[in-house]
Amino acid sequence: MRRRQFLVLTGASIGGTIVYSLDRRFSMLSSQEKPKTIRIPLRFLTENEALILTAAVSRIFPNDESGPGAKEAGVTIFIDRQLAGPWGRDAHRYTHGPFAEDAPPEFGYQGKATPREMYRAGLKDLAGFDRLSPEEQDKKLEQIEKTPFFALLHKNTLEGMFSDPVHGGNVDMIGWQLVGFPGPRMSYAEDIDKHFGEAFRPKPMSLAEIMPGRKLHPFEDEDNEKSS
Amino acid sequence: MKSLPSVDVVIIGGGWSGLLMAKELGARTPLSVVMLERGGKPRTMAELAEGMDELDYYSRTRAQQDCSQETVTIRHSAADNALPIRQLVNFLPGTGIGGSGEHWGAAYPRLQHDMFELRSKTIERYGAKKIPQNSSVQDWGVTWADVEPYYARMEKLLGVCGKAGNIDGKMLEGGDPFEGPRSTDFPMPPGKRAYICDLFEDAAKKLGYHPFPTSSAINTVTFKNSEGIVRPACFYCGYCGFYGCMVGAKAHPSNTLLPIIHKQKTVTIRTGSTVRRILHDTSAKNGKVSGVTYIDATGEEIFQPADLVFLSSWTFNNTRLLLLSGAGDAYDPASGKGTIGRNLTHQVQVSAQGFFARPLNRFMGGGTTGMRMSDFEGDVFDHSSLSFIRGGSMSGLAGGAQPITAFGVVPSSVKRRWGSEWKKASMEYYDRIAGAGFTGEHIAYKTNFMDLDPVYKDRFGDPLIRLTIDWNDNERNMVDFMIPKLMELTKAMGATEVIQPQRVGHYTTTRYQTTHVQGGTIMAGSPDQGVLNPYLQHWQYSNLFVLGASAFPQQGSANPTSTILALTQRTADAVVDRYLKKPGPLV
């Protein structure tokens, strides 16, 4: 067993935004409050890795005048859970060799490394990233923009922003609210042929809300469910 | 190896075609039928509702074939080494009872009426020189008149909506004027219209084309099908293609065929059962297969003897199982001899994306909400002065957009694909992107084929199927011809800026194309041209039938399921009415 790691955030570091914790309780921090510490248990990442990752995804999908970003949506927690689950260890990828790291792009990623290994190495290369200025951080990201790790990081950032909150990101459906996506609502039979040319924006609902009382089975929990 | 008592029939694979055959045999014969399916049971309605989850069921392909167990390898030409598709992206074959039919988009067009005689009709109109060099397009051994009654029957079984344009030669306003003559109207009217339907229809009409509502196997009203099963109308929830229908409006094998099969005492379904070989007598000229070996859910290897075998395990495994079993002659691209593996085709897909001034509410919709036009289909337009044959359909579809996939498309003025500027532009345009799409024919070539991979293996140590496939000049020239038309349509729909669609390069595995892969065990009028006769019966082994799109000599722009089911039903009739009375070759 590895030592339990936590992502420790202080109120000062995240400003007046919402942080989601694993027990699915929101903690609202106002900037007027005294710096308060939140400890979020991590499943795969170390605390240091989580801080670097949070800084990196915040530059990919920043918190700015257009709205909250990846840090506020809990993308770090989303990625941590994905890495800890079957996807992180390539449980459903074809992993027999020979591998071909330099394969033409039409053949997709042909390397051997699992997402866990790619993150571990990629975050190591970004050591100290969380202590750089935003301008320096952008320069650093530009240097790795063409790497498979950045492509993965970019893809996972969008997944963490816009997947159902059951997966740990998209806290309070922040991502869905940014684009006006209402989530998995069951019916638009009364609306599909109306609202032409006008924004129709029903209040978003998550899977947990449309199926109250049902225990959900996100893919990342597959290993736990098998063993229990 | 454990040997089980013999049964009358074994069906390998429980998707649309295998289950249709099981239902027919269960209803019309006293035969004992065993279905062997590698995957599990279909998802329940509650599980399908929980499956309204873009991450797990689109990004992570949770309902599809598990690549850690089995995949395919791919290369562009016979001179290259193939590499495995390590994660599914460009096509998404299903697994389990219902197969890909449990997550399809349910588009339900018929083929063009001249498709079954593609080679003859092309030569008749343009001369033999018009057939592209290196192409192996050929006739199917059936005609429109043979297949049409079965299209009509299957539309009543699944529940298909649409607007007819040609009933027995009588032209009808608002339908497809270029469709083959239909014997009957659609069982259901088109669905409700989304904003994009109106935009596409107006644009197409303005440009002088003939738009019509798309046909799909989705109920638009509460519908009782030809077997008495009642299913509800579509709710336009936006989770349609790639997802299972959580209300049962979309036809799935599990809501259309399985309820009937479950009442049949002669049909037994064994899930978790992966067939490895079809056993046969190699000595006899007109040989017979004797059964199959499979690994059951506990890992034990089983021999199941049978008098009659139906192979219906999708294009890849239909071809692979014949090759692994040595049931016929493998295609050799150098000599052109042999038939198993030849005429591998996919489907051409290209879309124009435009930015609109007004919001589109793209999260709503489904397989029924869309408009199509056939003005550039097949041989509807004259190809005399063009450097390609055939064509495809154009459409404006409101299929439901989800944000992981849909976010991040921005005008060309935005250079970086991350950071504040990109985020802001992505948000601004998120719900204002639409356009016209093109779904085109992929003709067959001598150089596009399947064989067994010499390097990569599945979990049992059997070779994976190897795809040798690339796009050729016919597809390149066709798409170059269509791109300006797609952009013109998209502008006429009201787009202020249209992104230039990509031209056809090399075949790629990194972008979703379609899950319509055909060929490998093709049907033909003679045994030197195909593995199967026009009743999908193996030319050499008369008690072996192969069902599915692997029987298609080439792809016909229209999505394949309507034709898969029509040909399967035709085979079921021939087996019940003729074969069982006098077992042997039907041709």
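Residues numbered from 1 in each chain as written. Chains lettered and ligands numbered in written order. Predicted model: local features only at pLDDT ≥ 70, side-chain atom pairs only at ≥ 80, totals over all residues. Heavy atoms only, no water.

**Considering the state of the cysteines**
Stated precisely, the cut-off is as follows: Sulfur atoms of two cysteines make up a disulfide when they are within 2.5 Å.
Taken as a whole and assessed by the stated rule, the structure comprises zero disulfides over all chains. Of all cysteine sulfurs in the structure, the one in Cys234(B) sits closest to Cys240(B), which takes part in no disulfide; the separation is 6.2 Å.

**Quick word on the side chain of Asp56(B)**
Note the cut-off: A run of H or I in DSSP counts as a helix once it spans at least four residues, and a run of E counts as a strand once it spans at least two, with each numbered from the N terminus. Summary of the burial criterion: residues with accessible area below 20% of their type's maximum are buried, those above 50% are exposed, and those between are partly exposed, where the area comes from a 1.4 Å probe applied to protein chains only. The contact criterion used is simple: two residues touch if any of their non-hydrogen atoms lie within 4.5 Å.
Looking at the secondary structure, you find Asp56(B) in helix α3 (residues 54-59). Exposure remark for Asp56(B): the relative accessible area of 2% places this residue in the buried category. Filtering out sequence-adjacent residues up to four positions away, Asp56(B) remains in contact with His167(A), His217(A), Pro218(A), Phe219(A), Glu220(A), Thr61(B) and Arg62(B).

**A closer look at the nonpolar core**
All names here are of chain B. To keep it simple, the criterion reads: By nonpolar core is meant a set of buried Ala, Val, Leu, Ile, Met, Phe, Trp, Tyr and Cys residues that side-chain atoms within 4.5 Å join together. Residue ranges assigned to the domains are those given by an automatic or database domain assignment.
Among the nonpolar cores identified, the biggest contains 222 residues, and Leu158, Phe310 and Leu467 are the most heavily contacted of them. A total of nine residues in this core trace back to one element, the largest contributor, which is helix α13 (residues 561-579). If you count residues domain by domain, this core takes at least three from each of domain 1 (1-159 + 251-345 + 445-468 + 517-587) and domain 2 (172-214 + 348-440 + 471-506). In contact with Phe310, other than residues within four places in its own chain, are Val9, Val10, Ile11, Ile12, Met21, Leu25, Phe545, Leu547 and Val575.

**What about the sheet that holds strand β20 (residues 437-440) of chain B?**
Residue and element names in this part refer to chain B. Note the cut-off: Strand pairing is assigned whenever DSSP identifies at least 2 bridges connecting the two strands. Inter-axis angles, ranging from 0 to 180 degrees, are taken between N-to-C directions of lines fitted to C-alpha atoms, where helices are fitted over the stretch in contact.
With antiparallel pairing, the five strands of this open sheet are ordered in space as β8-β17-β18-β20-β15. A single partner strand is all that each edge strand has here, and the edge strands are β8 (211-213) and β15 (348-351). Across this sheet, the average inter-strand angle for adjacent strands is 25 degrees, counted without regard to direction. The pairing of strand β17 (residues 370-373) with strand β18 (residues 392-397) spans four bridges and is classified as antiparallel. Residue Met373 lies in a different strand from β18, and its bridge partner there is Met394. Packing against the sheet, helix α6 (residues 195-206) makes contact with β8, β17 and β18, and its axis sits at approximately 25 degrees to β17.

**Describing the domain arrangement of chain B**
Residue and element names in this part refer to chain B. For the record, the criterion: Buried area is understood as the total, over both parts, of accessible area removed when two parts are fitted together, assessed with a 1.4 Å probe. A side-chain nitrogen of Lys or Arg and a carboxyl oxygen of Asp or Glu constitute a salt bridge if their distance falls within 4 Å. Pairing of N or O atoms within 3.5 Å defines a polar contact, subject to two protein rules: one partner must be a possible hydrogen donor and the other a possible acceptor, and residues neighboring in sequence count only if both atoms are side-chain atoms.
Domain annotation for chain B reports domain 1 (1-159 + 251-345 + 445-468 + 517-587) and domain 2 (172-214 + 348-440 + 471-506). Taken together, the contact pairs 30 residues of domain 1 with 37 residues of domain 2. Summed over both sides, the interface between domain 1 and domain 2 buries roughly 2600 Å², with carbon and sulfur atoms accounting for 48% of that surface. Three residues stand out in domain 1 for area buried against domain 2, namely Glu54, Gln112 and Ser557, and they jointly supply 22% of the buried area on that side. Summed over the shared surface of domain 1 and domain 2, the number is four salt bridges. At the boundary of domain 1 and domain 2, one finds 14 residue pairs in polar contact (both at pLDDT 80 or more). Those elements that provide at least two residues to the side of domain 1 that touches domain 2 are α3, α4 (118-126) and α5 (144-158). No other element matches the five residues that α5 contributes to the side of domain 1 that touches domain 2.

**Re the interface of chain A and chain B**
Each partner contributes to the interface: chain A provides 78 residues, whereas chain B provides 66 residues. Taking both sides of the interface into account, the surface hidden between chain A and chain B amounts to around 6000 Å²; carbon and sulfur atoms contribute 61%. Here chain A is connected to chain B by six salt bridges. Here Lys423(B) makes a salt bridge to Asp64(A), at a shortest N to O gap of 3.0 Å. Across the chain A-chain B interface, the total number found is 36 residue pairs in polar contact (both at pLDDT 80 or more). When contributions to the side of chain A that touches chain B are tallied by element, the ones reaching two or more residues are α2 (47-60), α3 (75-84), α5 (134-144), α6 (148-162), α7 (174-179) and α8 (207-210) of chain A.

**Side note on the packing of aromatic side chains**
Note the following rule: A pair of aromatic rings is counted whenever rings of Phe, Tyr or Trp (Trp by its six-membered ring) have centres within 6.5 Å, and the orientation is called stacked for planes under 30 degrees apart, edge-to-face for over 60 and tilted otherwise. Consider the ring centre and the ring normal. A charge sits over the ring if Lys NZ or Arg CZ is within 6 Å of that centre and within 35 degrees of that normal.
Per the counting criterion, the structure on display carries 33 aromatic pairs over all chains. On the basis of an interplanar angle of 40 degrees and a centroid distance of 5.4 Å, the ring pair of Trp471(B) and Tyr507(B) is categorised as tilted. Highlighted residues: Trp471(B) in the loop between β22 (463-468) and α12 (473-492) and Tyr507(B) in the loop between β23 (495-499) and β24 (544-546), separated in sequence by 36 residues. The same class applies to Trp471(B) and to Tyr507(B), which are both buried. Residues Phe545(B) and Tyr579(B) carry aromatic rings whose centres are separated by 5.7 Å and whose planes lie at 85 degrees to one another, so their mutual orientation is edge-to-face. Linking Phe545(B) in strand β24 with Tyr579(B) in helix α13, this pair joins segments that are 34 residues apart in sequence. The same class applies to Phe545(B) and to Tyr579(B), which are both buried. Taken together, the ring pairs connect Tyr209(B), Phe376(B), Phe381(B), Phe388(B) and Phe481(B) into an aromatic cluster. Above the face of the Trp87(A) ring, Arg60(B) is positioned so that its terminal group lies 4.4 Å from the ring centre.

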